[in-house]
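Here is what each chain is made of, one letter per residue.
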Amino acid sequence: MALEVAPTLSVRPDEFVHVGPDTLGGRYLRQFWQPVYLAHELPIGRAVPLRILGEDLTLYRGHGGAPHLLAFRCAHRGTQLSTGWVEGDNLRCFYHGWTYAPNGQCVEQPAEPRPFCERIKIKSYPTREYLGLVFAYLGDRAGRPQEATSEHETGDGRRDEPPPFPRYAQLEGEGVLETHSYLRECSYFNSIENNMDEAHIAFVHRSSQFSDAGLTNFLPEISGEETEYGIIRRGTRANGTVRILHLVMPNLLVFKGAPAPESGGKEEPDQFAWRVPVDDLTHRSFNVSFVRLTGQAAERYRERMGTRQGDSANELAWSVLRGELRVGDITGRPDIVNIQDVVAQVGQGQIPDRANERLGQSDVMIVLLRKIWMRELQALFEGLALKQWAMAGRLDSAFGV
């Protein structure tokens with residue numbers, strides 16, 4: 001009898017930057033609910049094309065108010081479904097009128113006999129709307145084949161359910177909740193590693209809100225460790241200031257923002273930022289900010305936050321990278337930190353050449369981050385148990401937020 005040889009893999013140092021459905025990194029990210037769209041940008045009756053995690057999909061909001069996520073193309077002749085019409089909670093194809101229910105089942109084919117449509121089903125994915133974001137679960141269990149009967153959906157007649165949807169108690173309650181997003185033209189992992197790197201603040205952000213707060217006057221001692229939810233990273237400065245950031249695996253960053261002046265400096269916003277890949281070379285950050293302000297203080301805060309300039313940060317950063325501007329030439333921008341980060345992160349290359357890096361002592365948390373990802377991807381490849389990261393509901397005390 002032939003011996004069964006266990007699979008082996010040398011997980012490449014950059015395996016985690018590849019995010020398509022057939023990659024290890026993409027399969028891992030798809031094990032988690034991911035934000036995919038700003039809820040207020042998806043009105044009732046609207047369908048939009050969506051590219052996320054290297055995959056093209058169709059997102060629409062039915063007249064019942066719920067968002068739905070389907071395959072990108074019609075199963076008939078392959079035209080783009082987002083060009084069609086939302087009818088009730090269904091989506092009708094622009095080309096020949098084939099109509100799909102939210103679960104991907106074809107329910108009408110105007111030019112075909114009825115039994116044919118019952119055999120057609122396109123991919124559908126679970127969605128949830130929460131905190132002003134549309135979340136989706138893109139895991140293998142959610143995908144549905146183009147032609148299938150119900151008994152073929154999972155191979156045993158059952159529809160598997162996605163993992164429990166995480167909620168974040170510290171972002172709920174009375175206060176000001178704001179959501180926004182921006183596109184950055186580099187791998188999502190550039191951004192996550194940047195947040196593990198407290199040392200860059202003294203240089204990249206030497207003229208910014210960080211310098212105004214005195215955070216660029218001292219180089220920090222960087223420390224941290226793996227936790228039940230991901231990683232805690234600390235940056236301790238000689239004046240006693242300690243900045244803490246949490247990475248909730250795989251791609252959620254949690255930290256405290258600068259104290260809101262409208263609160264007399266007493267309230268620090270809770271900041272959540274999901275770095276979600278669009279594809280290998282670009283990512284979108286979905287950001288939620290919550291501060292416990294009410295009344296006139298809340299209105300003043302909203303007005304101030306409304307001055308953010310959004311994706312125009314990319315244009316200015318590219319001007320710097322092309323040598324047309326220096327970072328110091330850019331003044332009067334409330335999003336200067338974002339611009340500076342674009343210059344540094346995109347300046348590494350959309351996917352950095354990690355094989356030729358020279359890491360030092362200050363990179364200790366970057367090394368830990370990569371080790372964790374390599375460990376989890378190796379386990380995924382070998383079919384071994386993955387670490388079950390703590391659910392968000394258990395993290396309030398750990399975050400201290």
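S.K.: How would you summarise helix 3 (residues 188-196) if you had to cite specific residues and measurements?
M.R.: For helix 3, the buried fraction is high: 9 of the 9 residues fall into the buried class. The N-cap of helix 3, judged by a side-chain oxygen 3.0 Å from the amide nitrogen of F189 a few residues on, is S187.

S.K.: Got a sec to walk through the packing of helix 7 (residues 312-321) against helix 8 (residues 336-346)? Specific residues and values, please.
M.R.: One can describe the packing of helix 7 onto helix 8 by two numbers: an axis separation of 9 Å at closest approach and a directional angle of 50 degrees. Relative to helix 8, the element helix 7 is oriented oblique. Seen from above, helix 7 lies across helix 8 with right-handed handedness. Of the residues in helix 8, those touching helix 7 at A313, N314, L316, A317, W318, V320 and L321 are N338, I339, V342, V343 and V346. Within the contact of helix 7 with helix 8, the residues separate by chemical class into 10 nonpolar, 2 polar and no charged.

S.K.: Report on the environment of V346, specifying residues and quantitative values.
M.R.: If you trace the backbone, V346 turns up in helix 8. When its relative accessible area of 7% is taken as the criterion, V346 is described as buried. Sequence-distant contacts of V346, defined by excluding residues within four places in its chain, comprise R184, E185, C186, W318, L321 and D341.

S.K.: Describe the sheet that holds strand 6 (residues 90-92), and please don't skip the residues or the numbers.
M.R.: Pairing is antiparallel in the open sheet, where 4 strands are placed in the order 5-6-7-8. Two strands bound the open sheet, and with one partner strand each, they are strand 5 (85-87) and strand 8 (106-108). With 2 bridges connecting them, strand 6 and strand 7 (residues 99-100) associate as antiparallel partners. Bridging from a neighbouring strand, R92 pairs with T99 of strand 7.

S.K.: Give a description of the sheet that holds strand 1 (residues 34-38) that names residues and reports values.
M.R.: Taken together, the 3 strands give an open sheet; going across it, the order is 1-11-10, and neighbouring strands pair in antiparallel fashion. Each edge of the open sheet carries a strand with a single partner, namely strand 1 and strand 10 (127-130). Averaged over all neighbouring strand pairs, the angle between strand axes comes to 35 degrees, with direction disregarded. With 4 bridges connecting them, strand 10 and strand 11 (residues 133-136) associate as antiparallel partners. Within strand 11, the position partnered with E129 by the bridge is V134.

S.K.: Which residues make up the pattern of salt bridges, and what are the values?
M.R.: The tally for this structure, following the rule as stated, stands at 21 salt bridges. Two residues, R167 and E172, come together in a salt bridge whose shortest N-O distance is 2.9 Å. The class of E172 is partly exposed, set by a relative accessible area of 30%. Taking the shortest distance from any N to any O, the salt bridge between R370 and E193 comes out at 2.6 Å. Note that R370 is positioned in helix 9 (residues 364-382) and E193 in helix 3, a separation of 177 residues in sequence. The pair formed by R370 and E193 is uniform in burial state, with each residue classed as buried. Among the charged side chains, a salt-bridge network with shared partners connects E193, R354, E357 and R370.

S.K.: Tell me about the nonpolar core, and please be specific about residues and values.
M.R.: Y28, W274 and W373 are the most contacted members of the largest nonpolar core, which has 67 residues in total. Looking at this core, the element that brings in the most residues is helix 9, giving 9 residues. In contact with Y28, other than residues within four places in its own chain, are M249, P250, W373, E376, L377, L380, L386 and W389. Counting residues in hydrophobic clusters, the runner-up holds 15 residues, among them A71, C74, C106 and I122.

S.K.: Tell me about the packing of helix 3 against helix 9, and name the residues and values.
M.R.: For the pair helix 3 and helix 9, interaxial distance at closest approach is 8 Å and the crossing angle is 135 degrees. As far as their axial angle goes, helix 9 and helix 3 are oblique. Crossing handedness for the pair helix 3 and helix 9: right-handed. From helix 3, Y188, F189, I192, E193 and M196 reach across to helix 9, where they touch M365, I366, L369, R370 and W373.

S.K.: Describe the environment of R30, listing the residues and the values that go with them.
M.R.: Looking at where R30 falls in the secondary structure, it is placed in the loop between helix 1 (24-29) and strand 1. As a C-alpha pair, R30 and D140 span 110 residues in sequence and 7.6 Å in three-dimensional space. Apart from residues lying up to four places away in sequence, R30 is in contact with V19, G20, P21, I52, L53, E55, Y137, L138 and G139.

S.K.: How would you summarise the packing of aromatic side chains if you had to cite specific residues and measurements?
M.R.: The tally for this structure, following the rule as stated, stands at 18 aromatic pairs. With a centroid separation of 6.3 Å and 75 degrees between ring planes, the pair formed by F16 and W373 is classed as edge-to-face. Of this pair, F16 sits in the segment before helix 1 while W373 is found in helix 9, placing the two residues 357 residues apart along the sequence. Each member of the pair, F16 as well as W373, carries the same accessibility label: buried. Ring geometry for W85 versus F94: centroids 5.5 Å apart, planes at 35 degrees, classification tilted. Three or more aromatic residues joined by ring pairs make a cluster, and in this case those are W33, Y130, F135, Y137, F165, Y168, F272 and W274. Residue placement shows R128 over the ring face of F165; its charged tip is 4.5 Å from the ring centre.

Calculation rules
Residues numbered from 1 in each chain as written. Predicted model: local features only at pLDDT ≥ 70, side-chain atom pairs only at ≥ 80, totals over all residues. Heavy atoms only, no water. Buried < 20%, exposed > 50% of the residue type's maximum accessible area, 1.4 Å probe, protein only. Helix = DSSP H or I, 4+ residues; strand = E, 2+ residues; numbered from the N terminus. Polar contact = N/O pair within 3.5 Å; in protein donor to acceptor, adjacent residues only side chain to side chain. Axes fitted to C-alpha atoms, helices over the stretch in contact; angles between N-to-C directions. Parallel < 35°, antiparallel > 145°, perpendicular 65-115°, else oblique. Left-handed = near helix turned anticlockwise from the far one by under 90°. Contact = heavy atoms within 4.5 Å. Nonpolar A, V, L, I, M, F, W, Y, C, P; charged D, E, K, R; others polar. Pairing = 2+ DSSP bridges. Salt bridge = Lys/Arg side-chain N within 4 Å of Asp/Glu carboxyl O. Core = buried A, V, L, I, M, F, W, Y, C linked by side-chain atoms within 4.5 Å. Phe/Tyr/Trp six-rings, centres within 6.5 Å; stacked < 30°, edge-to-face > 60°. Lys NZ or Arg CZ within 6 Å of the ring centre and 35° of its normal.

Everything listed here is a matter of coordinates, which is why it stays silent on function.
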